[in-house]
Amino acid sequence: MIRRAILKALAIPGHQIPFGAREMPLPYGWGTGGIAVTAAILGPRDVLKVIDQGADDTTNAVSIRRFFARVAGIATTTRTAEASVIQTRHRIPERPLQEGQVMVFQVPMPEPLFRLEPRLAETRRLHALGDYALAQLRLYEDIAQQGEAGSAYNHPVMVAGRYLMSPSPIPGFDNPKLHMSPAIMLFGAGREKKIYAVPPWTEVRSLDFDDHPFAPVHAAQGCAFCGSTASYKDEIVADDAGGRVFVCSDTDACREGQE
Amino acid sequence: MSALLEADALHLRFGAVRALDDVAVSIWPGEVVAIVGESGSGKSTLLRVLSGQVAPDAGGVRYAGAEVHALGEAQRRRLMCTDWGYVHQNARDGLRMGVSAGGNIGERLMAAGTRHYGAIRDAAAEWMVKVELDPARMDDRPGMFSGGMQQRLQIARCLVTQPKLVFMDEPTGGLDVSVQARLLDLLRRLVGELGLAAFFLTHDIAAARLLAHRILVMRHGRVVEEGLADRVLDDPRHPYTQLLVSSVLAA
Ligand SMILES: Nc1ncnc2c1ncn2[C@@H]1O[C@H](COP(=O)(O)OP(=O)(O)OP(=O)(O)O)[C@@H](O)[C@H]1O
Ligand SMILES: [Mg+2]
């Protein structure tokens, strides 16, 4: 059932496909949608990487990796370069993805129009009609009120010029990585039971205005560990005096940078 | 030249109520047609049928050569945001109260494909001036405006895409008399400047005189009298119209 939904999703880029699945013995918000998708696509030769906010070593990432190693008997890794399947929450790795790799996103809310139009039947109609004036209007309001597009996370994208899609809560910084990626991008929303996808080499554009092009923010400083200025950073408090440093959010990319 | 919109033999019942009973209407480019009648006479129902929102039980509506009720939803929506405008009696029904005045005006432009923020701001400012609102208040929400200002904002929101035909359902309905007069003046000026065709619903036949070229009088779902505005007002033929006209003169 889930595989079927994945195939449909790949055939209609950016379009949300409902799926039926049994309840999992796991609370929503822990990545049930992502786990369902990962479970549906893993083969015996796959190598799985799981990240949470860019890190491989958080409790959630470690548990999911260990779970699949045990029940599917597959190999796991923390290295982006070695992974064939990467389940993620909040980030896309810094290292450019390769053909043959699959990203699996955990999605808390699949509907990009959710905040603008609370009636789900109406959002389906708007998708069918390709009527995204509301999303554009929200963007207009953000710029008018704050001087820039406000959504630092989960900034909506147009997929293949047809469907408006939530990229899941990744930072705007990662949005450009969806565009023309050689990898397969699969999105699983457990609570809402929706799957959607971006096939390889698909046009993915962040919603913007011609005269206010989408421009993700970069951290002001380089990484305190590896020195990278190109990566996405977490800002952390470094001492009792409230001093702050920036470090790479992608722990694997940071490790590579330090080598 | 041919009629911009044409409808004939419209019938629509709500249970036992004949809301529309064999109604025929047409409107020509640049023409303002007032539809006058007491509460419950079927004015709003007629407007909703003409604008494709409610299907009649029988009869058809043609716009620019197309049968309105045979259009797909996508086509009808496109008409609604390019060729047509709809002004609600209650501004709150026609505005997004959670969105700034500028956003309200800009929405139809964005729906029509404009993706230039600066151009949208410019158009919004220009339209605020045209409806006598201060463009400096472009980023205020409609809730901060008075009733008359909200109504003018709704009109700007509707006219920004330069529609050919506007449906106005008692646009001056809930307003104070002096505010009404100012709004009617504004509508008259805009309709003239833009060469708009408009249906203008009112139960106030005096307001119809100010704005309309032609008047249709409705009662119990039927058009009981129709003619050029001056003729209907100066020489009403149907007893019901005579009653309406004399009640205005007496007032
Ligand atoms: N959706 C509906 N369901 C049932 N009856 C309706 C519906 N809409 C209108 N009616 C009835 O149809 C008749 C015409 O109503 P309509 O709203 O068109 O009148 P109107 O001339 O616009 O009145 P008003 O001046 O009060 O706005 C009324 O008897 C009304 O009760
Ligand atoms: Mg009415």
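These numbers come from a predicted model, not from an experiment. Residue indices follow the written sequence of each chain, beginning from 1 at its first position. Starting at A for chains and at 1 for ligands, labels are handed out in the order in which the entities are written. Where local features are concerned, this predicted model is filtered to residues with pLDDT of at least 70; where side-chain atom pairs are given and counted, the filter is 80 or more; whole-chain, interface and lining totals use all residues. With hydrogens and water stripped out, all remaining heavy atoms of the structure feed into the side-chain values.

A description of the pairing of strand E9 (residues 214-219) of chain B should follow, citing residues and the corresponding values.
Residue and element names in this part refer to chain B. Note on classification: 1.4 Å probe, protein chains only; a residue is buried when its accessible area is under 20% of the maximum for its type, exposed when over 50%, partly exposed between these limits. A helix here means a DSSP run of H or I that spans at least four residues, while a strand means a run of E at least two residues long, and both kinds are numbered starting from the N terminus. Of all six residues in E9, five are buried, a share of seventy percent or more. As judged from the four bridges shared by strand E3 (residues 32-36) and E9, these two strands associate in the parallel manner. Paired with valine 36 across the strands is valine 217, a residue of E9. Pairing between two strands is assigned when DSSP locates at least 2 bridges connecting them. Where E9 lies against strand E10 (residues 222-228), six bridges are found, and the strand directions are antiparallel. Bridging from a neighbouring strand, arginine 214 pairs with leucine 228 of E10. Connecting E9 to the antiparallel partner E10 that follows it, the hairpin turn spans two residues, and histidine 220 within it adopts a positive phi of roughly 45°.

Before we move on, could you go through the domain arrangement of chain B and cite the residues and values that matter?
Residue and element names in this part refer to chain B. The split of the chain into domains comes from an automatic or database domain assignment. For chain B, the assigned domains read domain 1 (5-83 + 163-250) and domain 2 (95-162). Listed as interface residues are 18 residues of domain 1 and, on the opposing side, 15 residues of domain 2. Reported buried area values correspond to the accessible surface (1.4 Å probe) lost by two parts on association, with both partners' losses combined. Approximately 1,400 Å² of surface area, both sides summed, lies buried where domain 1 meets domain 2, with 64% of it carried by carbon and sulfur atoms. Counting the surface domain 1 buries against domain 2, the share from its top three residues, Cys81, Pro163 and Arg182, is 32%. Definition used for salt bridges: Asp or Glu carboxyl oxygen within 4 Å of a side-chain nitrogen of Lys or Arg. Our count for the contact surface shared by domain 1 and domain 2 stands at two salt bridges. A salt bridge links arginine 189 to glutamate 132; the nearest nitrogen and oxygen atoms lie 3.4 Å apart. Side-chain atoms alone can form a polar contact between residues adjacent in sequence; in general such a contact is a pair of N or O atoms within 3.5 Å, and within protein one must be able to donate a hydrogen while the other accepts it. At the boundary of domain 1 and domain 2, one finds six residue pairs in polar contact (both at pLDDT 80 or more). Elements supplying a minimum of two residues to the side of domain 1 that touches domain 2: helix H2 (73-81) and helix H7 (177-194). Throughout, a residue-residue contact means that at least one pair of heavy atoms, one from each residue, lies within 4.5 Å.

Residues and numbers for the site of ligand 1, please.
Residue and element names in this part refer to chain B. Residues in close proximity to ligand 1 include Phe14, Val17, Ala19, Glu38, Ser39, Gly40, Ser41, Gly42, Lys43, Ser44, Thr45 and Glu170, which together make up its full environment. Here serine 44 contributes a side-chain N or O atom positioned 2.8 Å from an oxygen atom of ligand 1. Between glutamate 170 and ligand 1, the recorded distance is 3.1 Å, taken from a side-chain N or O atom to an oxygen atom. Surface accessibility follows the Shrake-Rupley procedure with a 1.4 Å probe radius. Residue values consider only the protein chains on display as shielding. Protein contacts shield 60% of the accessible area of ligand 1, which totals 640 Å² for the unbound molecule. It suffices for a single heavy atom of a residue to lie within 4 Å of a molecule or strand for the residue to be listed as near it.

Describe the packing of aromatic side chains, and please don't skip the residues or the numbers.
The aromatic pairing rule takes the rings of Phe, Tyr and Trp, using the six-membered ring of Trp, and pairs them if the centres are within 6.5 Å, calling planes under 30 degrees apart stacked, those over 60 edge-to-face and the rest tilted. A complete count under the given rule lists ten aromatic pairs over all chains for this structure. Here the aromatic residues Tyr63, Trp84, Tyr86, Phe167 and Phe199 of chain B are joined through ring pairs into a cluster of three or more. Here, a charge over a ring is recorded when the distance from Lys NZ or Arg CZ to the ring centre is within 6 Å and its angle to the ring normal is within 35 degrees. In this arrangement the basic side chain of arginine 162 of chain A is found over the ring face of tyrosine 163 of chain A, its NZ or CZ atom lying 4.2 Å from the centre. Taking the ring centre of tryptophan 127 of chain B as reference, the NZ or CZ of lysine 130 of chain B above it sits at 4.4 Å.

Mind laying out the pattern of salt bridges, listing which residues take part and the relevant values?
One pass over the full model with this rule turns up 35 salt bridges over all chains. A salt bridge links lysine 164 of chain B to aspartate 83 of chain B, with the shortest nitrogen-to-oxygen separation between them at 3.5 Å. Placement of lysine 164 of chain B in the loop between helix H6 (147-159) and strand E7 (165-169) and of aspartate 83 of chain B in the loop between H2 and strand E6 (84-87) is noted, with a sequence separation of 81 residues between them. For lysine 164 of chain B, a relative accessible area of 46% gives the class partly exposed. In this structure aspartate 83 of chain B comes out as buried when scored by relative accessible area, which is 18%. With a closest N to O distance of 2.9 Å, arginine 137 of chain B and aspartate 140 of chain B form a salt bridge. Using a relative accessible area of 26% as the deciding quantity, one classes arginine 137 of chain B as partly exposed. Salt bridges sharing partners connect three or more residues here, namely Glu122, Arg125 and Asp131 of chain A together with Glu73 and Arg77 of chain B.

Provide a residue-level description of the nonpolar core, including the pertinent values.
Note on terminology: a nonpolar core comprises buried Ala, Val, Leu, Ile, Met, Phe, Trp, Tyr and Cys residues joined through side-chain atoms within 4.5 Å. Membership of the largest hydrophobic core comes to 69 residues, with the highest contact counts inside it found for Tyr140 and Phe209 of chain A together with Ile105, Ile155, Val166, Phe200 and Ile215 of chain B. A per-element tally of this core places helix H5 (residues 133-146) of chain A first, with seven residues. For phenylalanine 209 of chain A, the residues in contact, after removing those within four places along its chain, are Gln136, Leu139, Tyr140 and Ile143 of chain A together with Met110, Arg115, His116, Tyr117 and Ile120 of chain B. The next biggest cluster of nonpolar side chains, apart from the first, holds 29 residues, and it includes Leu4, Leu12, Val23 and Leu165 of chain B.

Help me get a handle on the side chain of serine 41 of chain B, residues and values and all.
Residues and elements named next belong to chain B. Positionally, serine 41 belongs in the loop between E3 and helix H1 (43-50). Look at serine 41 and you get buried, because its relative accessible area is 1%. The residues touching serine 41, leaving out its near neighbours within four places in the chain, are Ala19, Met218, Arg219, His220 and Gly221.

Break down the sheet that holds strand E1 (residues 5-14) of chain B for me, citing the residues and quoting the values.
Strand pairing in a sheet relies on backbone hydrogen bonds. The paired strands run either parallel or antiparallel. All names here are of chain B. Spatial ordering of the open sheet is given by E2-E1-E4-E5, a layout of four strands whose pairing is antiparallel. Every interior strand has two partners, whereas the edge strands, strand E2 (17-27) and strand E5 (66-67), have only one. Examined bridge by bridge, strand E4 (residues 58-63) and E5 share two bridges and lie antiparallel to one another. The residue bridging tyrosine 63 from the neighbouring strand is alanine 66, located in E5.

Describe the sheet that holds strand E3 (residues 75-76) of chain A, with residues and values.
Residue and element names in this part refer to chain A. Taken together, seven strands build an open sheet; the order of strands is E1-E9-E8-E5-E4-E2-E3 and the sheet is mixed. The two strands at the open ends of the sheet, each matched to only one other strand, are strand E1 (17-18) and E3. Direction of pairing for strand E8 (residues 184-189) relative to strand E9 (residues 194-198): antiparallel, over a ladder of five bridges. Within E9, the residue paired with glycine 188 across the bridge is isoleucine 195. The sheet strands contacting helix H2 (residues 32-41) are strand E2 (47-52), strand E4 (85-89), strand E5 (102-106), E8 and E9, and the helix crosses E5 at an angle near 155°. Under this scheme, a helix contributes an axis fitted over its contacting stretch, all axes are lines through C-alpha atoms, and angles between N-to-C directions fall in the 0 to 180 degree range.

Provide a residue-level description of the pairing of E4 of chain B, including the pertinent values.
Relative to E4 of chain B, E1 of chain B runs antiparallel, the two sharing five bridges. Its bridge partner being in E4 of chain B, leucine 5 of chain B is matched across the sheet by tyrosine 63 of chain B.

Give a description of the environment of glutamine 106 of chain A that names residues and reports values.
All names here are of chain A. Assignment of secondary structure puts glutamine 106 in strand E5. What makes glutamine 106 buried here is its relative accessible area of 8%. Considering only alpha carbons, one finds glutamine 106 and histidine 90, 16 residues apart in sequence, at a separation of 8.1 Å. Look past the residues within four positions of glutamine 106 in its chain and what remains in contact with it is Trp30, Gly31, Gly34, Ile64, Gln87, Thr88, Arg89, Ser168, Pro169 and Gly188. Within the local environment of glutamine 106, its side chain forms a polar contact with the side chain of glutamine 87, the two groups lying 2.8 Å apart.

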